[in-house]
Amino acid sequence: MKITKIVLVLLTLSLLFTGMVACDSTEGGQEAPETTATPDSNTGYCDMNAVINEIDSMSVSSFTETTEKTEFVKFTVKGHGEFVVRLRADIAPITVENFQKLVSEKFYDNLTFHRIMKGFMIQGGDPKGDGTGGSDSTIKGEFKINGIQNDLSHVAGVISMARKSMPYDSATSQFFICNADASASLDGKYAGFGYVVAGLDVVLTVSEVEVKASASGENSVPVEPVVIEKICFVTPN
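Residues numbered from 1 in each chain as written. Predicted model: local features only at pLDDT ≥ 70, side-chain atom pairs only at ≥ 80, totals over all residues. Heavy atoms only, no water.

A. Representation of the pattern of salt bridges. Following the criterion strictly, the structure yields 10 salt bridges and no others. Across the pair Glu208 and Lys118 runs a salt bridge whose closest N-O atoms are separated by 3.3 Å. Taken as a pair, Glu208 in the loop between helix H5 (200–206) and strand S9 (211–213) and Lys118 in the loop between strand S4 (111–117) and strand S5 (121–124) lie far apart in primary sequence, 90 residues in all. It is possible to trace a salt-bridge network through shared partners that takes in Glu65, Lys74, Glu82 and Lys230. (Salt bridge = Lys/Arg side-chain N within 4 Å of Asp/Glu carboxyl O. Helix = DSSP H or I, 4+ residues; strand = E, 2+ residues; numbered from the N terminus.)

B. Representation of the nonpolar core. Val73, Phe75, Phe83, Phe99, Phe113, Phe175 and Ile177 are the most contacted members of the largest nonpolar core, which has 51 residues in total. Val73 has contacts with Phe83, Val84, Val85, Leu87, Phe99, Val103, Ile231, Cys232, Phe233 and Val234, leaving out every residue within four places of it along the chain. Counting seven residues, the second-largest nonpolar core is a separate cluster that includes Met121, Phe176, Cys178 and Tyr190. (Core = buried A, V, L, I, M, F, W, Y, C linked by side-chain atoms within 4.5 Å. Buried < 20%, exposed > 50% of the residue type's maximum accessible area, 1.4 Å probe, protein only. Contact = heavy atoms within 4.5 Å.)

C. Layout of unusual backbone geometry. Between Met166 and the following residue, Pro167, the backbone shows a cis peptide bond with an omega angle of -5 degrees. With respect to the secondary-structure elements, Pro167 resides in the loop between strand S6 (158–161) and strand S7 (175–178). Here the phi dihedral of Lys106 falls at roughly 60 degrees; this positive angle occurs in a residue that is not glycine. The topology assignment puts Lys106 in the loop between helix H3 (93–104) and S4. Residue classification places Lys106 among the exposed residues on the basis of a relative accessible area of 58%. Of note, the phi angle at Asn110 is positive, near 70 degrees, even though the residue is not glycine. For Asn110, the location among the structural elements is in the loop between H3 and S4.

D. Spatial organisation of the environment of Gly133. By the element assignment, Gly133 lies in the loop between S5 and S6. When its relative accessible area of 1% is taken as the criterion, Gly133 is described as buried. For the pair Gly133 and Gln174, spaced 41 residues apart in sequence, the C-alpha separation works out to 8.1 Å.

Okay, structure coming up:
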């Protein structure tokens, strides 16, 4: 009888733990087929000193919109302005390819930054607008704890992929942009794949919007929607 009780207690604890892991505030509640692509063994390295020097080193006006796929994308945020991100396929090729595909499909147009935390990051790319949605396929998580080198540190201005706590290969369309240095908590665990090269002030302005508590109690839901009017490819003039 005593052994039976112990077994029941252990089973109950196991089920509770499993439920906690499955509930994630970034991109939970979705099952999607995983892509079969794998990263090249020579990718992942970057010089962070060079990256830091490049972040916010240009002006938005020095770029022109194009229909061609490039390594630069421009975000237009309603009521806030524009900023340009450089995508680094040499660091996270699978992630960049996925993001470029979604931009080409205009997937992100008129979605929102649904999760905003000053001193941390702004998160968007969810068609449901509440952190539970995504695109139709998952991608390989290009970061250290998933066995892949990715040296892009999560400093202010870096764009990275949101994902479920588990599995690691669960990112789809949701992304976040750091508005402060989050390297201590995020490096090696999330796939950084680019950074803001122009208009970082717009990201910081978005970070200042009024927010309210989410269903989980996190103070991160914008009181007024922060709409991404479009993301498009651009090229330097």
